[in-house]
Amino acid sequence: MDRKTTPEVMQENDVIDLLVRQHTLIRDLFDEVARCEGDERREAFSRLVRLLAVHETAEEEIVHPYARRKLVGGDTIVDNRLQEEEEAKEMLSRLDDMDAASPEFMRELDRLRAAVFAHAAAEERYEFSELKAATSEGERRAMAVGVKAAEAIAPTHPHPGTESATKNLLIGTPVAMMDRARDVIRKAMGKHESGEGH
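About the cut-offs
- Residues numbered from 1 in each chain as written.
- Predicted model: local features only at pLDDT ≥ 70, side-chain atom pairs only at ≥ 80, totals over all residues.
- Heavy atoms only, no water.
- Helix = DSSP H or I, 4+ residues; strand = E, 2+ residues; numbered from the N terminus.
- Buried < 20%, exposed > 50% of the residue type's maximum accessible area, 1.4 Å probe, protein only.
- Contact = heavy atoms within 4.5 Å.
- Areas by Shrake-Rupley, 256 points an atom, 1.4 Å probe, with all protein chains shown as cover.
- Expected span 1.5 Å × (residues − 1).
- Axes fitted to C-alpha atoms, helices over the stretch in contact; angles between N-to-C directions.
- Parallel < 35°, antiparallel > 145°, perpendicular 65-115°, else oblique.
- Left-handed = near helix turned anticlockwise from the far one by under 90°.
- Nonpolar A, V, L, I, M, F, W, Y, C, P; charged D, E, K, R; others polar.
- Salt bridge = Lys/Arg side-chain N within 4 Å of Asp/Glu carboxyl O.

A.B. asks: Teacher, can you tell me more about the overall build of the chain here?
C.D. replies: The number of helices and strands found in the chain is seven helices and zero strands. Reading the chain from its N terminus to its C terminus gives the helix and strand order α-α-α-α-α-α-α. Counting across all 198 residues of the chain, residues that qualify as buried make up 47%. Restricting to contacts in the chain with at least 6 residues of sequence separation, those with at least 24 account for 78%. On the chain, roughly 10,100 Å² of surface is accessible, and the fraction owed to carbon and sulfur atoms is 52%.

Structure below.
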């Protein structure tokens, strides 16, 4: 019961519902970064980077392999999404090196926002809807385990007193964050597959 009151533990147990909800959170965080200034903008951007790292890594580790196996034309669908993700990662790395107060940062942020929103729309239309039809509820619940484990290390709201602890978990470049998220996801999925359940 107390699991449901933990802010970073999601109610959704279906991997597709989880990832669609993350798309909404990502849109909200883009708005927050654009609205904020100075240190607040940098801090909001770091939360956006963490969520994007967790989200894209979860898709690469969990959803895309399933889509390749289960969907008609799955290889093409996934290859297109991976190309979009690669372009977004390059933009993220450029932004990470910029001064968040500069006009150049905002221009690059707008480019990243457009790319991420188009990517999310394509995923929902071509991959998620097809995957939902091709998988059982049990399969989607099993896939959700890794997404939940990873999202727990990427809070989308700053929590007083815990932000520094979180930063220690996911610190460094966007690529380093993705590596950390990958470790957490693989560990969670390994545990789940060995029969540990809730």
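What follows picks up the thread again.
A.B. asks: I'm lost on helix H2 (residues 38-70) in this one. Help?
C.D. replies: Along its 33 residues, H2 runs 46 Å from first to last C-alpha, staying within 8% of the 48 Å computed at 1.5 Å per residue. Most of H2 is tucked away: 24 of the 33 residues are buried.

A.B. asks: Help me out: how do you make sense of the packing of helix H1 (residues 15-35) against helix H4 (residues 103-134) in this one?
C.D. replies: What describes two packed helices is the angle between their axes and the distance between those same axes. Contact geometry for H1 and H4: axes closest at 11 Å, N-to-C directions at 165 degrees. The pairing of H1 with H4 is recorded here as roughly antiparallel in orientation. As H1 packs across H4, the resulting crossing turns out to be left-handed. Class assignment of the residues belonging to the contact of H1 with H4 gives a composition of 16 nonpolar, one polar and seven charged.

A.B. asks: What exactly am I supposed to notice about the pattern of salt bridges here?
C.D. replies: If charged atoms from side chains of opposite charge come close, those side chains can pair. Considering all chains together, one arrives at 19 salt bridges under this definition. A salt bridge links Asp14 to Lys132; the nearest nitrogen and oxygen atoms lie 3.7 Å apart. Residue Asp14 is located in the segment before H1, and its partner Lys132 is located in helix H4; the two are separated by 118 residues in the primary sequence. Close ionic contact of Arg42 with Asp96 constitutes a salt bridge, the shortest N to O distance being 3.9 Å. With Arg42 in helix H2 and Asp96 in helix H3 (residues 74-96), the pair connects residues that are 54 residues apart, well separated along the chain. Since its relative accessible area comes to 28%, Arg42 is described here as partly exposed. Classification of Asp96 by relative accessible area gives partly exposed; the value is 25%. One network of salt bridges, with partners in common, ties together Glu60, Glu61, Lys89, Asp179, Arg182 and Arg186.

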